[in-house]
Amino acid sequence: MEHSQQWDYVIGLEIHAQLATQSKIFSGAATAYGAEPNTQACAVDLGLPGVLPVLNEQAVTMAVKFGMAIEAEIAPYSVFARKNYFYPDLPKGYQISQYELPVVGKGHLEIEVDGGTKRIGITRAHLEEDAGKSLHESFHGMSGIDLNRAGTPLLEIVSEPDLRSAKEAVAYMRKLHELVRYLGVCDGNMQEGSFRCDANVSVRPGGQKEFGTRVEIKNINSFKFVEKAINHEIERQIELIENGGKVVQETRLYDANKDETRSMRSKEEANDYRYFPDPDLLPVHISEEFKEQIKAQLPELPDAKKSRFKAQYGLDDENAYILTSSRDLADYFEALVRASSCESKLCANWMTGDLMAALNKADLDISTSPMQYERLAGLLIRIDDQTISGKIAKQVFELMWQSGATADAVIAGKGLKQITDTGAIEAIIDKIIAANQDQVEQYRNGKDKVFGFFVGQVMKEMQGKANPAEVNKMLKEKLQ
Amino acid sequence: MILTAEEVKKIAYLARLGIEHQDIESYTQDLSNVLDLMQQMGKTGTEGVLPMAHPMDQVQRLRQDLVTESNGRQNFQAVAPLVEEGLYLVPKVIE
């Protein structure tokens, strides 16, 4: 849209990552997704009188792990606080969260934008419990409450207002998503709500130092919607100001169906949360020794892995980027290179080409791939030793994918072995030459292009099984 | 007086406490007295002193990440006013 002046956009994201623990943050109830309503909500989660929350060590470990990965200060001493508000899916009337003293302090993340990198500050990350779920349909005018999710551990990751476009916001969100999955602290499943995002958006005239009034957009749960919701909100604010209006600080809800944001008025009144330290929980102490233990468990992080893949395997930027986009993909690649002993470029191309296309088509990912790395290695070995050509290999891959058989079984069963028997190739070449005297004449008169016709005819006759290099060599000799 | 009657009404609303109109004045007085004391305490020099998060001078014990609770829905829902299909039913609240 055309604007009467230059505008700058200022965006900060708050991301809630559900921590991949077995049990809840303050109780021994299970966190598994998809259980029957209220079968995983115990007395602590229900906020019954007389219960006491006890902090889950794994949740703390995961938060610290994340903090180390973003090179943040890990608080040696952090405190849980009560955030007070009333909503039926929050039975206690407060959410246990962290306020003044979060476990993870200032850190940062590098994102890639327009070919360069940009450092995005992370203000803090704190531990808190999730609320339950309200269902508003089909209960004759009442709301149904499922408290299975109540008490699930969350890490709320708050960025600095360093993002300057919806595109940067998406790049940042993707990078965080990749990081938490690498660390194994969150499964990143956005459909199930394991990774959720709120965005703070404001605009200011180009060059102005002070921030404009910000609006919080809640509930944007896919990468696509983050971009759309932010862009929509930017337009709304600019239009408002250019028409003489003023942006009010408020919370808006993104409606994906209508692609618009709308005000959540009820939230304004409730925005006074009256935080205070939770008397049921003592301060959390994180010792140097505890940190050392966690440091030892840290996996190789995405950026480091990407650099290593380029240096060690000679991969180009694009392949290195794709193959390190998840730990499972990277592990598959390294296992494939080891098992096949083939050139890493061949392995990379087969993974980013045929394998990923087949996975996408079947709506699967690498962790659920029916083509295990051992079987794919078997195929690559047969390309490498010239048992089959690259073209036939695609056919073999297809058959292996459908049948679950090994490459050797498919090649033997379908008779796809490359013909290197020069006698057999020679006989066919002779036959083709005899049948196409006109073309032979043309070739001998200097029309080089006709050569391709002969190669095609021979390959067709041999159902693609001839070694192309051999065919070329012999044809040249015969046509002279 | 530190607080106004309006502020007391707002605090009562945020805490969902119903207070009678004739009691507002005495609440305003009582709560203001508490804040008076806070102000007095605020004058004490506390530079370099870590704010006390808990009166017990101990740190939080952590529990192992194990599922120790089984499904107790039937017992819990036996005392709920209304349930349906495993859900607790409450008056409709919608954003």
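Note that the structure is a prediction, hence the values are computed from the model and not measured.

1. Quick notes on the overall build of chain A
- Secondary structure assignment for chain A yields 17 helices and 16 strands.
- For chain A, the C-alpha radius of gyration of 30 Å lies well beyond 23 Å, the compact-globule estimate for 480 residues.
- By principal-axis analysis of the C-alpha atoms, chain A measures approximately 95 × 55 × 55 Å.
- Counting every position in chain A, which comprises 480 residues, the buried fraction comes to 51%.
- Residue pairs at least 24 apart in sequence account for 68% of intrachain contacts in chain A once pairs closer than 6 positions are excluded.
- As displayed, chain A offers around 22,500 Å² of accessible surface, 48% of which is attributable to carbon and sulfur atoms.
- When the 56 positive and 71 negative side-chain charges of chain A are each reduced to one mean point, those points stand 3 Å apart.

2. Topic: the sheet that holds strand β4 (residues 80-84) of chain A
Residues and elements named next belong to chain A.
- With antiparallel pairing, the three strands of this open sheet are ordered in space as β5-β4-β15. The sheet is open, and its two edges are formed by β5 (94-98) and β15 (276-277), each paired on a single side.
- Here β4 runs beside β15; their pairing, made up of two bridges, is antiparallel. Its bridge partner being in β15, Arg82 is matched across the sheet by Phe276.

3. What to know about the interface of chain A and chain B
- Listed per partner, the contact involves 56 residues of chain A and 39 residues of chain B.
- The junction of chain A with chain B conceals about 4,200 Å² of combined surface from both sides, 62% of it contributed by carbon and sulfur atoms.
- Where chain A packs against chain B, one counts one salt bridge.
- Its salt-bridge partner being Lys10 of chain B, residue Asp272 of chain A comes within 3.4 Å of it at the nearest N-O pair.
- At the junction of chain A with chain B, the criterion picks out 22 residue pairs in polar contact (both at pLDDT 80 or more).
- Taken together, the elements giving at least two residues each to the side of chain A that touches chain B come down to α1 (43-46), β2 (55-56), α2 (57-69), β9 (142-146), α5 (265-270) and β16 (284-285) of chain A.
- The element that contributes the greatest number of residues to the side of chain A that touches chain B is β9 of chain A, accounting for five residues.

4. Some remarks on the sheet that holds strand β12 (residues 215-220) of chain A
All names here are of chain A.
- Across the sheet, eight strands lie side by side as β6-β7-β10-β1-β11-β12-β13-β14; this open sheet has mixed pairing. Each edge of the open sheet carries a strand with a single partner, namely β6 (107-113) and β14 (260-263). Taken over all neighbouring pairs, the strand axes of this sheet differ in orientation by 30 degrees on average, direction set aside.

5. Some details on unusual backbone geometry
- A positive phi angle, near 45 degrees, is found at Asp114 of chain A, a position not held by glycine.
- Looking at the secondary structure, you find Asp114 of chain A in the loop between β6 and β7 (116-129).
- Here Glu85 of chain B, not a glycine, exhibits a phi torsion of approximately 50 degrees, which is positive.
- Topologically, Glu85 of chain B is positioned in the loop between β2 (83-84) and β3 (87-91).

6. Considerations on the pairing of β12 of chain A
Residue and element names in this part refer to chain A.
- In terms of burial, β12 is a largely internal element, five of the six residues being buried.
- Across four bridges, strand β11 (residues 195-205) lies against β12 in antiparallel orientation. When the sheet's bridge partners are listed, Cys197 is paired in β12 with Ile220.
- As defined by bridge partners, β12 adjoins strand β13 (residues 250-255) across four bridges and the pair is classed as parallel. Opposite Val215, over in β13, you have Glu250 as the bridge partner.
- This β-α-β element, β12 to helix α4 (residues 223-242) to β13, shows left-handed connectivity.

7. Overview of the confidence of the model for chain B
- Mean pLDDT for chain B: 92, with 98% of residues reaching 70 or above.
- Both confidence scores are given for the complex: pTM 0.83, ipTM 0.91.

8. A few points about the domain arrangement of chain A
All names here are of chain A.
- As assigned here, chain A comprises domain 1 (7-293), domain 2 (300-414) and domain 3 (422-479).
- Taking only C-alpha atoms into account, the centre of domain 1 sits 37 Å from that of domain 2.
- Contacts between the two partners involve 10 residues from domain 1 and, on the opposite side, 12 residues from domain 2.
- At the boundary of domain 1 with domain 2, total buried surface from both sides reaches about 830 Å², with 51% on carbon and sulfur atoms.
- Three residues, Glu112, Glu178 and Tyr182, lead the burial of domain 1 against domain 2; their summed loss comes to 66% of the area buried on that side.
- Note that Asp303 and Lys175 form a salt bridge whose closest N and O atoms lie 3.0 Å from each other.
- Between domain 1 and domain 2 we count four residue pairs in polar contact (both at pLDDT 80 or more) in total.
- Elements with a minimum of two residues in the side of domain 1 that touches domain 2: β6 and α3 (166-183).
- Considering every element that reaches the side of domain 1 that touches domain 2, the biggest residue donor is α3, with six residues.

9. As for the packing of α2 of chain A against helix α6 (residues 288-297) of chain A
All names here are of chain A.
- Closest axis-to-axis distance for the α2/α6 pair is 10 Å, and the angle between their directions is 70 degrees. By the criterion of interaxial angle, the relationship of α2 to α6 is roughly perpendicular. In terms of crossing hand, the pair formed by α2 and α6 is right-handed. In contact with Glu57, Val60, Thr61, Val64, Lys65 and Met68 of α2, α6 contributes Phe290, Lys291, Ile294, Lys295 and Gln297.
- Taken together, the residues of the contact of α2 with α6 break down into five nonpolar, two polar and four charged.

10. Quick look at the pairing of β7 of chain A
Residues and elements named next belong to chain A.
- The sheet contact formed by β6 and β7 spans seven bridges and is antiparallel. Each residue of the ladder has a partner; that of Leu109, found in β7, is Ile120.
- From the end of β6 to the start of β7, which pair antiparallel, there are two residues, and Asp114 there has a positive phi angle of about 45 degrees.
- Across seven bridges, β7 lies against strand β10 (residues 153-159) in antiparallel orientation. When the bridges of β10 are listed, Ala125 appears paired with Ile157.

Thresholds, definitions, all that
- Residues numbered from 1 in each chain as written.
- Chains lettered and ligands numbered in written order.
- Predicted model: local features only at pLDDT ≥ 70, side-chain atom pairs only at ≥ 80, totals over all residues.
- Heavy atoms only, no water.
- Helix = DSSP H or I, 4+ residues; strand = E, 2+ residues; numbered from the N terminus.
- Rg over C-alpha atoms; globule rule 2.2 N^0.38 Å.
- Buried < 20%, exposed > 50% of the residue type's maximum accessible area, 1.4 Å probe, protein only.
- Contact = heavy atoms within 4.5 Å.
- Areas by Shrake-Rupley, 256 points an atom, 1.4 Å probe, with all protein chains shown as cover.
- Lys, Arg positive; Asp, Glu negative; His and termini not counted.
- Charge placed at Lys NZ, Arg CZ, Asp CG, Glu CD.
- Pairing = 2+ DSSP bridges.
- Buried area = accessible area lost by both parts, 1.4 Å probe.
- Salt bridge = Lys/Arg side-chain N within 4 Å of Asp/Glu carboxyl O.
- Polar contact = N/O pair within 3.5 Å; in protein donor to acceptor, adjacent residues only side chain to side chain.
- Axes fitted to C-alpha atoms, helices over the stretch in contact; angles between N-to-C directions.
- Right-handed = clockwise from strand over helix to strand, strands pointing away.
- pLDDT = per-residue confidence, 0-100.
- Domains from an automatic or database assignment.
- Parallel < 35°, antiparallel > 145°, perpendicular 65-115°, else oblique.
- Left-handed = near helix turned anticlockwise from the far one by under 90°.
- Nonpolar A, V, L, I, M, F, W, Y, C, P; charged D, E, K, R; others polar.

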